[in-house]
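Listed below, chain by chain, are the residues.
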Amino acid sequence: MYRTILPLFALLFGALFAYGQDKPSIKQVPPKASDPTSGMAMFNSYCSACHGKDGKGGGPAAAALKKGPSDLTILARRNGGKFPTLAVQNAIAGEAGGTVAHGSKEMPVWGDVFRSMTANDSITKMRMHNLVKYVESIQVK
Ligand code: HEC
């Protein structure tokens, strides 16, 4: 019993800097399922290419995007000092109610990607939960 794989949601893990070209292009590779219990491991595998290892938005793939990836360390500061858990979760999952308009994003819809990795809903929820917690942990004061 296979769930539909979503080949179109192949991820953007790394930037390929083609020689002789000024603009880096993004190489899409299928997502590897990384440890769902480690927010940091998932962040490094799935998010740092765009948002940077430090979450500040300067990952190697950022230059190939039309819109710069958000600085993920100032989400609480931007929200009056309170980390906007639900909005962050929705932004990552790609669900309505996220901080960015649905459909106009360059960021992969991670909810679909994570669901394509396993038929087990609780693992998908665990991934989302630990990722959001990790993003919360990198907030600057
Ligand atoms: C292909 C590049 C790319 C990858 C990979 C990526 N993002 Fe993003 N992300 C963006 C861009 C660009 C935006 C700015 C909003 C938009 O999509 O227009 C963004 C916005 C966000 C936001 C909304 C922040 C705000 O300003 O309110 C969150 C939260 C976020 N990303 C978290 C993540 C997490 C967590 C991961 C890894 C699971 C991830 N992103 C992977 C490109 C990326």
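Residues numbered from 1 in each chain as written. Predicted model: local features only at pLDDT ≥ 70, side-chain atom pairs only at ≥ 80, totals over all residues. Heavy atoms only, no water.

Colleague: What should I look at first to understand the packing of helix 1 (residues 39-51) against helix 5 (residues 121-137) in this one?
Modeller: Geometry of a packed helix pair, given as the angle between the helix axes and the separation of the axes. At their nearest, the axes of helix 1 and helix 5 sit 8 Å apart, and the two run at 90 degrees to each other. In terms of axis orientation, helix 1 runs roughly perpendicular to helix 5. Along its contact with helix 1, which presents Gly39, Met40, Met42, Phe43, Tyr46 and Cys47, the element helix 5 presents Arg127, Asn130, Leu131, Tyr134 and Val135. A per-class count over the contact of helix 1 with helix 5 returns eight nonpolar, two polar and one charged. (Axes fitted to C-alpha atoms, helices over the stretch in contact; angles between N-to-C directions. Helix = DSSP H or I, 4+ residues; strand = E, 2+ residues; numbered from the N terminus. Parallel < 35°, antiparallel > 145°, perpendicular 65-115°, else oblique. Contact = heavy atoms within 4.5 Å. Nonpolar A, V, L, I, M, F, W, Y, C, P; charged D, E, K, R; others polar.)

Colleague: Where do I start with the packing of aromatic side chains in this structure?
Modeller: The relative placement of two aromatic rings is captured by the distance of their centres and the angle of their planes. Summed over all chains, the structure comprises four aromatic pairs. Considering the side-chain rings of Tyr46 and Trp110, the 5.6 Å spacing of their centres and the 35 degrees angle between planes classify their relative orientation as tilted. Taken as a pair, Tyr46 in helix 1 and Trp110 in helix 4 (residues 110-117) lie far apart in primary sequence, 64 residues in all. The exposure classification of Tyr46 matches that of Trp110, with both residues buried. (Phe/Tyr/Trp six-rings, centres within 6.5 Å; stacked < 30°, edge-to-face > 60°. Buried < 20%, exposed > 50% of the residue type's maximum accessible area, 1.4 Å probe, protein only.)

Colleague: When you look at the packing of helix 4 against helix 5 in this model, what are you seeing that I'm missing?
Modeller: At a minimum axis distance of 9 Å, the contact between helix 4 and helix 5 shows a crossing angle of 135 degrees. Looking at the two axes, helix 4 sits oblique to helix 5. The element helix 4 and its partner helix 5 pack so that their crossing is right-handed. For the pair helix 4 and helix 5, the contacting residues are Phe114, Arg115 and Met117 in the first and Thr124, Arg127, Met128 and Leu131 in the second. Residue composition of the contact of helix 4 with helix 5, grouped by class: four nonpolar, one polar and two charged. (Left-handed = near helix turned anticlockwise from the far one by under 90°.)

Colleague: Looking at this structure, how should I read helix 1?
Modeller: Residue pairs spaced three or four apart in an α-helix point in one direction, given the helix's 3.6 residues per turn. The end-to-end C-alpha separation of helix 1 is 14 Å, well short of the 18 Å expected for 13 residues at 1.5 Å each. Its maximal kink placed at Ser45, helix 1 deviates by approximately 50 degrees. Among the residues making up helix 1, those that are buried are Gly39, Met42, Phe43, Tyr46, Cys47, Ser48, Ala49, Cys50 and His51. Remark: Gly52 follows helix 1 within two positions and exhibits a positive phi of approximately 85 degrees. (Expected span 1.5 Å × (residues − 1). Bend = angle between axes of the 7 residues up to and from the residue.)

Colleague: In this structure, what is going on with helix 5? I would like to understand it.
Modeller: Spanning 17 residues, helix 5 covers 24 Å between terminal C-alpha atoms, matching the ideal 24 Å at 1.5 Å per step. On its buried face, helix 5 sits against helix 1, helix 2 (75-78), helix 3 (85-93) and helix 4.

Colleague: Is there a simple way to think about the nonpolar core in this case?
Modeller: Proteins that are soluble and globular tend to have nonpolar side chains buried together. Grouped together as the largest cluster of nonpolar side chains are 20 residues, with contacts concentrated most on Phe43, Phe83, Val88, Ile92, Phe114, Leu131 and Val135. Of all the elements in the fold, those that place two or more residues in this core are helix 1, helix 2, helix 3, helix 4 and helix 5. If near-sequence neighbours (up to four positions away) are discounted, Phe114 is found in contact with Tyr46, Thr124, Arg127, Met128 and Leu131. (Core = buried A, V, L, I, M, F, W, Y, C linked by side-chain atoms within 4.5 Å.)

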